[in-house]
There are 2 protein chains.
Amino acid sequence: MKNSTDAKQDHAQDTLKLDGFLPYRLSVLSNAVSRKIADMYEREFDISIWQWRIIAVLGESDGLTSTEVANRTLMDKPAVSRAAASLTERNIISRKSDHADRRKADLRLTAKGRDIYDAIIPRALAYERELLASLSPEEAGMLHGLLTRLAHIASPERNLWSTQEES
Amino acid sequence: MKNSTDAKQDHAQDTLKLDGFLPYRLSVLSNAVSRKIADMYEREFDISIWQWRIIAVLGESDGLTSTEVANRTLMDKPAVSRAAASLTERNIISRKSDHADRRKADLRLTAKGRDIYDAIIPRALAYERELLASLSPEEAGMLHGLLTRLAHIASPERNLWSTQEES
DNA sequence: CCATAATAGTTGCATTTGCAACTAAATCAA
DNA sequence: TTGATTTAGTTGCAAATGCAACTATTATGG
């Protein structure tokens, strides 16, 4: 049936069709998806992807330091610093520096930030549903699992995302 | 354990965990994979990802114009132009302008380019195999098919890659 | 023919990105 | 103490990207 599996067979030797090369496919697909969803964030909320990631994790659990945000979003520290500065300026998040350790500062959503979060979430989920619409629930679960396994191999040192229970 | 789940319960429907959000997962995985393989190209062959893409398609079918390369690699024309210029300078590809239509020029691998191609291919395939090592052949085929379907949805206008029988 | 439009490819530029180097604060070791 | 180290976060900068505008050449319509 699936002739794609056959296709896999023949380049098992030492031929490479760029089209079938997994890193290329991931890159192209991820780019297309990112572009599309970033356009939505940008157009409707004037929020960049990095800003969105910060808002997303603060929406999940409020009151994180920059470093915690960086870990959860896999952004680097400068990226968090700049995106957070811009969000602070726009009064979307607030930063309250820690009295005990004055190097740290807690970031959290302001009321305005929460509004934005609440407005974006349904859009983001709708887009994800749209993407997954052609997949059965089993297939979606399979995809999820496969991506997780690839992530473990691609980056064993860092846990790209927490699939298994973390403490 | 996770006490955040309690807080989440009340609107369990429209909740988004960044970790489980498909666009995020694709982006993170693709980044990790790209970074890792780009390091290899760079370190061992002093070739960027874009340069590699050009070499890869010219290795598949020699004698393409910039525009054809751009279409097959999903790079934009300026990117092809610059990467090709650099490869030409390093004598990895040659450009021969078309007599009939002097706007066009055919790009093809030089002998040196072919050597590089032949040297990279096994490394690229080895990395792909490493990635796929934890997947059964059926799972790999499944992954292939799922990514293809997602690509159709993410970018229906453009055929991200030619999955349906060509040739 | 000539003016206009289309196509191939290049150049320029503003933004984004990734990384290194830096400041400030806290911790550790003597 | 106090000097060295580690940690949190910021700043600076070089390189990568993406897009628009441009040049050169070919095609088209009256």
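Use the structure listed above.
Residues numbered from 1 in each chain as written. Chains lettered and ligands numbered in written order. Predicted model: local features only at pLDDT ≥ 70, side-chain atom pairs only at ≥ 80, totals over all residues.

Asker: Help me understand unusual backbone geometry, please; the structure alone is not making it clear to me.
Answerer: Leave glycine aside and you will find that most residues have negative phi; peptide bonds, for their part, are mostly trans. Residues other than glycine seldom take positive phi values, yet A:D46 does so here, at roughly 55°. Here A:D46 shows up in the loop between α2 (22-45) and α3 (49-60). Phi at B:L74 is positive, roughly 60°, even though this residue is not glycine. Looking at the secondary structure, you find B:L74 in the loop between α4 (66-73) and α5 (77-89). (Helix = DSSP H or I, 4+ residues; strand = E, 2+ residues; numbered from the N terminus.)

Asker: Hey, could you run me through the relation of the copies chain A and chain B in this one?
Answerer: The two chain copies are connected by a rotation around an axis plus a translation along it. With an axial shift of 0.0 Å and an RMSD of 0.0 Å, the rotation relating chain A to chain B amounts to 180°. What we have between these two chains is a two-fold relation. (Least-squares fit on C-alpha atoms with pLDDT ≥ 70 in both.)

Asker: Mind showing me how you'd approach the protein's contact with DNA strand D here?
Answerer: Near DNA strand D there are 20 residues, and of these A:S66, A:T67, A:P78, A:S81 and B:P78 occur at the shortest range. Counting only elements with at least two residues in the surface near DNA strand D, the list comes to α4 (66-73) and α5 (77-89) of chain A together with α5 of chain B. When residues in the surface near DNA strand D are grouped by element, the largest group, 6 residues, is from α5(A). Residues of the surface near DNA strand D, tallied by class, amount to 7 nonpolar, 5 polar and 8 charged. (Near = placed C-beta within 6 Å. Nonpolar A, V, L, I, M, F, W, Y, C, P; charged D, E, K, R; others polar.)

Asker: I keep staring at the protein's contact with DNA strand C and nothing clicks. Help me out?
Answerer: In the region of DNA strand C, 18 residues are neighbours, and A:P78, B:S66, B:T67, B:P78 and B:S81 sit closest. Secondary-structure elements contributing two or more residues to the surface near DNA strand C are α5 of chain A together with α4 and α5 of chain B. Counting residues per element, the surface near DNA strand C draws most heavily on α5(B), at 5 residues.

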